[in-house]
Amino acid sequence: MRAFINGFHKAFESRIRLGIMSVLAVNDSLDFNSLKEYLDVTDGNLASHLKALEKEEFIGLEKSFVGRKPNTKYYITKVGKLAFDNHLTALEKLIQSQK
Amino acid sequence: MNNEQDYKRDIAEIRSMMDRSSRFLSLSGWAGILAGIYALVGAYMAYAFFRFNPSEIAASAPGTDSSGLVNVFILAVSILVLAIGTAVFLSYRRAIKRKEKLWNATSRRLLVNMAMPLVSGGILILVFISKGLIGLLAPMTLIFYGLALYSAATFTYKEVRFLGAILVGLGLVGSFYIEYGLLCWALGFGLMHLVYGIYIHLKHER
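Please read all numbers here as calculations on a predicted model, not as lab measurements.

**Regarding the pattern of salt bridges**
Tallied over the entire structure, the rule returns 8 salt bridges over all chains. With a shortest N-O distance of 2.9 Å, D43(A) and K36(A) are connected by a salt bridge. Between K203(B) and E159(B) there is a salt bridge, with its nearest N and O atoms 3.0 Å apart. In this pair, K203(B) sits in helix α7 (residues 181–204) while E159(B) sits in the loop between α5 (137–152) and α6 (160–176), placing the two residues 44 residues apart along the sequence. K203(B) sits in the partly exposed class, given a relative accessible area of 48%. Exposure remark for E159(B): the relative accessible area of 14% places this residue in the buried category. By sharing partners, the salt bridges in this structure join R20(B), R98(B) and E100(B) into a single network.

And the structure:
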């Protein structure tokens, strides 16, 4: 069992964070509202999870303006993609080993 | 410590998130079926009532006259509006059922990717009309719509790519054998839409 724990990352223990990473893995970049719509979470909840992932440098953000409204787009970083892929591999292995 | 069930749910969730956020899956099979029926009725009307069946590329050829052409043009635009209207309406209903918005990142991307071939094809067709190249109209709509579907398939059901390829093929055949242009159009827009609509309905909507 122990070896398989290696690929897991603590940041992905939350299902919402895992959701954010899944969505960003297949999209170049997405704004806050699109993320909110896919994940079906409240503003505050999403913001705090985004902050946590940003701290790990798994996601990056790009600030711009649409008219006068600030618009932040989020994207997955190379580090984040690698950690996410490792996490997926670890999940798969674990499930296979339990069969 | 998580158990196996949790991990499996994690993976299922990841897969559905990736799908939901990258593909527009509220497209309704019924929209395809109805669009196919409109197209078959339209092609029959053009052939039977307006005697639209050009056998040569240029307008002076037998099988076309200019008053008929105006009628065919109006007919074609009405079919287009009806088909798009149906698709939007049915997709809207399906999006509500799936608790999604119709206008979101995926539908936006789908349309942006279809827009380039569709708009350039539409303009080219207007150019052809102005130059009197009537025989090429039906094949051109097939080719450009097929290309649009082919490239848009990345953002919706994968099967759409195959439909796009078939339409482009029919368009190319129709542009060589002009006398079969309308028949190819009816096969492509009518029959293939119908078949694909039924297929998508059976595979994804039940």
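**With respect to the packing of aromatic side chains**
Each pair of aromatic rings is reported with the distance of its centres and the angle of its planes. Evaluation of the coordinates by the stated rule reveals 7 aromatic pairs over all chains. Between the aromatic rings of F12(A) and F58(A), the centroid separation amounts to 5.5 Å while the plane-to-plane angle is 35°, which identifies the pairing as tilted. Taken together, the residues F12(A) in the loop between α1 (2–5) and α2 (15–25) and F58(A) in the loop between α4 (43–55) and β2 (59–66) connect sequence positions 46 residues apart. Taken individually, F12(A) and F58(A) each receive the classification buried, so the pair is uniform in this respect. Both rings, one in Y44(B) and one in F49(B), keep their centres 6.4 Å apart while their planes meet at 75°; by these two values the pair is edge-to-face. Note on accessibility: Y44(B) and F49(B) belong to one class, exposed. Put simply, the rings of F12(A), F58(A) and F84(A) touch in pairs and so form one group of aromatic residues. Lying over the aromatic face of W103(B), R108(B) brings its terminal NZ or CZ to 5.7 Å of the ring centre. The ring of Y150(B) is capped by R161(B), whose NZ or CZ atom sits 4.6 Å from the centre of that ring.

What counts, and at which threshold
- Residues numbered from 1 in each chain as written.
- Chains lettered and ligands numbered in written order.
- Predicted model: local features only at pLDDT ≥ 70, side-chain atom pairs only at ≥ 80, totals over all residues.
- Heavy atoms only, no water.
- Salt bridge = Lys/Arg side-chain N within 4 Å of Asp/Glu carboxyl O.
- Helix = DSSP H or I, 4+ residues; strand = E, 2+ residues; numbered from the N terminus.
- Buried < 20%, exposed > 50% of the residue type's maximum accessible area, 1.4 Å probe, protein only.
- Phe/Tyr/Trp six-rings, centres within 6.5 Å; stacked < 30°, edge-to-face > 60°.
- Lys NZ or Arg CZ within 6 Å of the ring centre and 35° of its normal.

The values reported here are purely geometric and, on their own, carry no functional implication.
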